[in-house]
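What follows is the residue order along each chain.
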Amino acid sequence: DNAGRDGCQVCWGELGKAGSNLVKKGKCVVGCTLTAEMAAKCGVVTDAPTGSPTAATASPTPGCTQSVRSKFLLKVNKKSVETIKTCRWLDTKNAKQQKKICSKFVTHGTGKVQDAAQEACQKTCRSCGACYQNSNSIFFAGGGKNGKDPVYLTCERLKRRKKSQQRKLCKIRAAAAGTYGVAKEVCKGICQTDGC
């Protein structure tokens, strides 16, 4: 629906299409619990049982899944100490606080927990759609090789760039360093990834 609310239905539908671009590119993993059949086609490992996609329980965004035990990085203090929270903790916050945490606290951790809330708590953050994009999300933009520091940008900064620069950044296939994805994975609307 171009708003990212139908990720499971899109993935499931694509699995039945011969030559599906989503399946070929392994993109059928956004926001839904994969079955063993889906995992085989998409090339990912899962413990899900064979059969139809797992039905989502009543949630703010249909098709999203998350565990109340999933952990995310909330923030890092001046002494580089990471504050880790769970989706259960995030669920106890009011809607305004949840929105702020999900949309603005997007930094990845460097320790055992690397995900931001929007990745770990997709139901609560409403961030699981195939075309989900957050203007504050950070992506790998180059560097990280031959002793050079990696360069990271936000989707908002990508949006402000010239179209030729956007195309160049959207063509980067894999991150050479760090825990952030490339522009075409993070800023799907700007990069027009898989029809977004």
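From a predicted model like this one, the values you see are computed outputs, not experimental measurements.

1. Things to note about the side chain of K188
Argument step 1. With respect to the helices and strands, the residue K188 is situated in helix 11 (residues 188–191).
Argument step 2. Buried and unpaired, K188 has D194 as its nearest opposite-charge partner, separated by 6.6 Å.
Argument step 3. Among the polar contacts listed, one links the side chain of K188 to the backbone oxygen of A130, at a separation of 3.2 Å.

2. Here we look at the packing of aromatic side chains
Argument step 1. By the definition in use, this model includes three aromatic pairs.
Argument step 2. Their ring planes at 45 degrees and their centres at 6.4 Å tell us that F72 and W89 sit as a pair that is tilted. Remark: W89 occurs in helix 4 (residues 87–91) and F72 occurs in strand 1 (residues 71–76); sequence separation between them is 17 residues.
Argument step 3. Look at F72 and you get buried, because its relative accessible area is 0%.
Argument step 4. Through a chain of ring-to-ring contacts, the aromatic side chains of F140, Y152 and Y180 assemble into a single cluster.

3. Topic: the side chain of S127
Argument step 1. Of note, S127 is situated in the loop between helix 7 (122–125) and strand 3 (138–142).
Argument step 2. Ignoring anything within four residues of it in the chain, the contact list for S127 reads Q118, C121, Q122 and Y132.

4. Quick notes on the environment of I172
Argument step 1. Among the secondary structure elements, I172 is positioned in the loop between helix 9 (163–170) and helix 10 (183–186).
Argument step 2. Remark: the alpha-carbon pair of I172 and K184, spanning 12 residues in sequence, is separated by 7.7 Å.
Argument step 3. With near-sequence residues (within four places) excluded, I172 lies in contact with F140, A141, G142, V182 and K184.

5. Quick notes on the nonpolar core
Argument step 1. Core analysis: the biggest nonpolar cluster contains 12 residues, these being F139, A141, L153, C155, L158, L169, C170, A183, V186, C187, I190 and C191.
Argument step 2. For this core, the secondary structure elements donating two or more residues are strand 3, helix 8 (155–160), helix 9, helix 10 and helix 11.
Argument step 3. Once residues lying within four places of it in the same chain are set aside, the contact partners of A141 are V151, Y152, L153, L169 and I172.
Argument step 4. The next biggest cluster of nonpolar side chains, apart from the first, holds 10 residues, and it includes L74, A117, C121 and C125.

6. So, the state of the cysteines
Argument step 1. Evaluated as defined, the whole model comprises five disulfides.
Argument step 2. Here C131 engages in a disulfide with C196; their sulfurs sit 2.1 Å apart. Note on the C131 and C196 pair: the S-S dihedral is about -85 degrees, so by sign convention the disulfide is left-handed. Separated by 65 residues along the polypeptide, C131 in the loop between helix 7 and strand 3 and C196 in the segment after helix 11 bring together distant segments of the chain.
Argument step 3. Take C131: its relative accessible area is 19%, and that puts it in the buried class.
Argument step 4. For C196, a relative accessible area of 23% puts it in the partly exposed group.
Argument step 5. The disulfide partner of C155 is C187, and the gap between their sulfur atoms is 2.1 Å. Disulfide C155 to C187: torsion about the S-S bond roughly -90 degrees, handedness left-handed. Here C155, found in helix 8, pairs with C187, found in the loop between helix 10 and helix 11; they are 32 residues apart in sequence, far enough to count as distant. The pair C155 / C187 is uniform in exposure class, with both members buried.

What counts, and where the lines are drawn
Counting of residues starts from 1 at the beginning of each chain's written sequence and follows it residue by residue. At least 70 in pLDDT is required for a residue's local features to be given in this predicted model, at least 80 for side-chain atom pairs to be given and counted, and no such filter applies to totals for whole chains, interfaces and linings, which use all residues. Computation of side-chain values: all heavy atoms of the structure, hydrogens and water removed. Secondary structure elements are taken from DSSP: a helix is a run of H or I of four residues or more, a strand is a run of E of two residues or more, and numbering for both begins at the N terminus. Only protein chains enter the calculation, and the probe is 1.4 Å; a residue is then buried if its accessible area is under 20% of its type maximum, exposed if over 50%, and partly exposed in between. Residues counted as positive are Lys and Arg, residues counted as negative are Asp and Glu, and His and the chain ends are not counted. Just to be clear on terms, a salt bridge is a Lys or Arg side-chain nitrogen sitting within 4 Å of an Asp or Glu carboxyl oxygen. We define a polar contact as two N or O atoms separated by no more than 3.5 Å, with the added condition that, inside protein, one atom must be a possible hydrogen donor and the other a possible acceptor, whereas residues neighbouring each other in sequence contribute only through side-chain atom pairs. Each Phe, Tyr or Trp ring, with Trp reduced to its six-membered ring, pairs with another whose centre is within 6.5 Å; inter-plane angles below 30 degrees give stacked pairs, above 60 give edge-to-face pairs, and intermediate values give tilted ones. In what follows, residue pairs with any heavy atoms lying within 4.5 Å of each other are defined as contacts. Nonpolar core, defined: a set of buried Ala, Val, Leu, Ile, Met, Phe, Trp, Tyr and Cys residues in which side-chain atoms within 4.5 Å join the residues together. Criterion for a disulfide: a pair of cysteine sulfur atoms within 2.5 Å.

That is the geometry; function is a separate question.
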